[in-house]
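# Examination of the molecular architecture
Listed here are the chains, written in short residue letters.
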Amino acid sequence: MQVVVLTGAGVSADSGVATFRDAGGLWEGHRPEDVATPEAWAADPALVWRFYQARRAALAVVEPNAAHLALAAFERRAAARGHGFTLITQNVDDLHARAGSSAPIHMHGELARLRCERCGAVRRDTTSVDPERFVTCGAPGCGAGALRPDVVWFGEVPYRLDEIARALADCTHFLAVGTSGAVYPAAGFLAEVRRRGARTWIQALEPPDNLDASDRFVPGRAAEILPELLDELCR
Ligand code: OAD
């Protein structure tokens, strides 16, 4: 068995992290999608910085939920049985790692990392969360390059697509959890592995846009459903 799990905002919803599309809400009068772009950063860096600093600060007050923990436990069980396991997440929070997942692939980057726009240096930083204060690089030879959140914005290329392609090529069982199937390339993974013969399952609160590419849809809250569903997947 080669299991690939793709998670989205829904897996962290029960930890109190807002999803992108369910909230229906605006942030300071903006749609989150409109703030998460290189164009917004160029036009109004203070606005984008405030948006991300609020999310970076929120990391300190959220905890992994039963869904994150179930995925970490599943990874250990899969390894003990000799199965392959890859966890791909679109989420920029750090809850999978904090739950014990060993190597989540953050295809949309991570809030806990900042990247220098001048020299490209990346550093982990969860403490500089003042919404009014930009942070500069200070790497040797760089100086004061501006740091931006190391997240993938709309119009930018997701991270680690080569590794993801390799995992999808070998995949026999694919489970998408808590993702609306609206953002590509992630939304296309399901159809891709299914074409190659993998079994495809979706777990989410609402049917996602790419429902057609799934063999089975399990509605409900990930924190309630995932522990049992993952047992079933492994059987
Ligand atoms: P969305 O906000 O688009 O979708 C959230 C999904 O989670 C929906 O399908 C809900 O039905 C489901 N959901 C909500 N609460 C849940 C719960 N408790 N248990 C299970 N499912 C639940 O989030 P994503 O699909 O992750 O990209 O969004 C994909 C990407 O679009 C994000 O990574 C981000 C965003 O804009 C970038 O920023 C590049």
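Residues numbered from 1 in each chain as written. Predicted model: local features only at pLDDT ≥ 70, side-chain atom pairs only at ≥ 80, totals over all residues. Heavy atoms only, no water.

Quick look at the overall build of the protein now. When its secondary structure is counted, the protein shows nine helices and nine strands. Taken over C-alpha atoms, the radius of gyration comes to 18 Å for the protein, in line with the 18 Å a tight globule of 235 residues would show. Each principal axis of the C-alpha atoms in the protein carries an extent, and together these give about 55 × 40 × 30 Å. The 235 residues of the protein split such that 49% are buried. Taking all contacts inside the protein whose residues are at least 6 apart in sequence as the whole, residues at least 24 apart take part in 65%. Put simply, the protein shows about 11,000 Å² of open surface, and 51% of that area lies on carbon and sulfur atoms. Between the centroid of the 25 positive side chains of the protein and the centroid of its 30 negative side chains there is a distance of 4 Å. (Helix = DSSP H or I, 4+ residues; strand = E, 2+ residues; numbered from the N terminus. Rg over C-alpha atoms; globule rule 2.2 N^0.38 Å. Buried < 20%, exposed > 50% of the residue type's maximum accessible area, 1.4 Å probe, protein only. Contact = heavy atoms within 4.5 Å. Areas by Shrake-Rupley, 256 points an atom, 1.4 Å probe, with all protein chains shown as cover. Lys, Arg positive; Asp, Glu negative; His and termini not counted. Charge placed at Lys NZ, Arg CZ, Asp CG, Glu CD.)

What follows deals with helix 7 (residues 161-170). Inspection of helix 7 places I164, A167 and L168 among the buried residues, and these make up the whole buried set. Down the axis, helix 7 shows its buried residues gathered within 100° of arc, on one side only. Along helix 7, the residues that are exposed and aim more than 90 degrees away from the buried face are D162 and R166. Its buried side turned inward, helix 7 meets strand 1 (2-7), strand 2 (84-89), strand 3 (105-106), strand 7 (173-177) and helix 8 (189-195). (Arc of directions from axis to C-beta.)

Using the criterion set out here, one finds seven aromatic pairs in the structure. A centroid spacing of 5.6 Å and a plane angle of 35° characterise the contact between W49 and F134, whose relative ring orientation is tilted. Placement of the pair is W49 in helix 4 (residues 45-58) and F134 in the loop between strand 5 (122-124) and strand 6 (147-151), with a sequence separation of 85 residues. By relative accessible area, which is 43% here, F134 ends up partly exposed. Both rings, one in Y52 and one in W153, keep their centres 6.1 Å apart while their planes meet at 45°; by these two values the pair is tilted. Residue Y52 is located in helix 4, and its partner W153 is located in the loop between strand 6 and helix 7; the two are separated by 101 residues in the primary sequence. Of the aromatic side chains, those joined through ring pairs into one cluster are W41, W49, F51, Y52, F134 and W153. (Phe/Tyr/Trp six-rings, centres within 6.5 Å; stacked < 30°, edge-to-face > 60°.)

Looking now at the domain arrangement of the protein. Annotation of the protein at the domain level lists domain 1 (2-17 + 64-108 + 158-233) and domain 2 (20-61 + 112-151). Measuring from the centre of the C-alpha atoms in domain 1 to the corresponding centre in domain 2 gives 26 Å. Contacts between domain 1 and domain 2 engage ten residues on the former and six residues on the latter. By the criterion of area lost to domain 2, the three top residues of domain 1 are V92, D94 and Y159, representing 47% of everything that side buries. (Domains from an automatic or database assignment. Buried area = accessible area lost by both parts, 1.4 Å probe.)

Another point: the sheet that holds strand 8 (residues 199-204). The strand order 3-2-1-7-8-9 describes an open sheet built from six strands, whose pairing is parallel. Of all strands in the sheet, those bounded by a partner on one side alone are strand 3 and strand 9 (216-219). Here two bridges tie strand 2 to strand 3, and the two strands are oriented parallel to one another. Bridging across to strand 3, I88 finds its partner in I105. Helix 5 (residues 66-80) contacts strand 1 and strand 2 of the sheet and is inclined by roughly 155° relative to strand 2. (Pairing = 2+ DSSP bridges. Axes fitted to C-alpha atoms, helices over the stretch in contact; angles between N-to-C directions.)

Scanning all chains against the criterion turns up 15 salt bridges. Between E110 and R124 there is a salt bridge whose closest N-O contact spans 3.1 Å. On the criterion of sequence distance, the pair formed by E110 in strand 4 (residues 109-116) and R124 in strand 5 is long-range, its members being 14 residues apart. The shortest N-O distance in the salt bridge between D125 and R123 comes to 4.0 Å. Each of R56, R123 and D125 takes part in salt bridges that share partners, so that together they form one network. (Salt bridge = Lys/Arg side-chain N within 4 Å of Asp/Glu carboxyl O.)

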